[in-house]
Amino acid sequence: MAKLNRKQINDEVRQILDQHPGGLRWAEILKLIAAAHPETPSNSVRGATHLLFQSADGIVKIARGTYQLAKYADAEAVDAVAQDEAVAAIPVPIDTPDCTAASVSEQDFYASFAEWLEENDEVTVAGALGGSSLGGKWGTPDVIGVLKPRAQDIFKFEPQIVTAEIKATPAQPVVAFGQAVAYRLFSHKSYIVVPRTTSSDDMNRLTSLCSIHGVGLVVFTLDRDLPDYAVIVLPAVASPDMFYVNTMLDRLKASEPGLLNRLF
């Protein structure tokens with residue numbers, strides 16, 4: 001068999017990725033091509049795939065050294081958006097002074113928690129996000145903010161990204177914890193924000209988990225006008241992975257450019 005040219009190598013890569021919807025590591029792709037086409041020099045395959053991954057439309061880098069066809073990544077993002085938006089819109093019944101039926105949803109508290117972060121000097125600027133608009137496997141924080149040095153600060157520090165996952169449904173503390181931990185990939189501080197009506201057993205577990213893993217824990221009242229946020233566990237400052245930081249910011253630039261400009 002004749003050795004593959006660059007176009008044929010590129011076609012082979014796309015075919016392999018099409019057979020692996022969840023994505024595949026570069027090293028595995030090279031192995032598969034080498035096994036199927038031993039007559040093609042490995043340096044030629046490596047060089048062609050390197051150029052392809054740098055410039056090709058339709059292929060995205062989803063993790064370090066791991067690539068996926070964009071059509072599959074987009075499909076995952078659509079599913080994530082649908083799931084997160086459905087949860088965020090779930091009505092949660094609340095008590096009212098006049099005993100009339102009323103409810104709130106998770107989305108009702110995004111803006112007020114962003115304001116709370118700013119008012120408590122946790123961030124310089126923050127904004128509501130939510131809705132999985134960032135796509136990807138790690139979801140989208142409900143609130144994202146940045147702490148930046150002020151002009152009058154003597155010691156100038158690197159900006160810190162702060163994220164938060166808010167749950168208005170008391171029965172979802174474990175889901176909130178998993179998401180908040182995942183956000184530590186690209187944020188210096190991560191918060192879980194849950195209602196005071198969360199059961200004592202769940203709160204005890206959540207408090208312990210947050211203390212162990214450095215995630216901040218905040219409780220609030222299911223009241224749009226007076227949520228009364230209070231810190232239970234302070235978050236530890238982490239060192240995020242710069243690959244995921246830049247991946248998140250690229251997605252933010254594509255989906256919410258106005259918010260990106262406000263934050264940075």
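Residues numbered from 1 in each chain as written. Predicted model: local features only at pLDDT ≥ 70, side-chain atom pairs only at ≥ 80, totals over all residues. Heavy atoms only, no water.

S.K.: Honestly, the overall build of the chain in this entry has me stumped. Any pointers?
M.R.: Of regular secondary structure, the chain possesses 9 helices and 11 strands. When each of the 264 residues of the chain is scored for burial, the buried share is 46%. Here the contacts in the chain between residues at least 6 apart in sequence split such that 59% fall between residues at least 24 apart. (Helix = DSSP H or I, 4+ residues; strand = E, 2+ residues; numbered from the N terminus. Buried < 20%, exposed > 50% of the residue type's maximum accessible area, 1.4 Å probe, protein only. Contact = heavy atoms within 4.5 Å.)

S.K.: How should I be thinking about the pattern of salt bridges in this particular structure?
M.R.: Opposite charge on two side chains lets them pair, provided their charged atoms get close. Scanning the model with the defined rule gives 11 salt bridges in all. A salt bridge links K71 to D18; the shortest N-O distance between them is 3.0 Å. With K71 in helix α4 (residues 70-88) and D18 in helix α1 (residues 6-18), this residue pair connects regions lying 53 residues apart in the sequence. Since its relative accessible area comes to 34%, D18 is described here as partly exposed. In this structure, R224 and D108 form a salt bridge, with 3.1 Å as the shortest nitrogen-oxygen distance. On the criterion of sequence distance, the pair formed by R224 in the loop between β10 (216-220) and β11 (230-233) and D108 in the loop between β5 (102-104) and α5 (110-119) is long-range, its members being 116 residues apart. Of the residues examined, R224 reaches a relative accessible area of 45% and is grouped as partly exposed. Of the residues examined, D108 reaches a relative accessible area of 29% and is grouped as partly exposed. Here the salt bridges share partners, and the residues they tie into one network are E106, E165 and K167. (Salt bridge = Lys/Arg side-chain N within 4 Å of Asp/Glu carboxyl O.)

The values reported here are purely geometric and, on their own, carry no functional implication.
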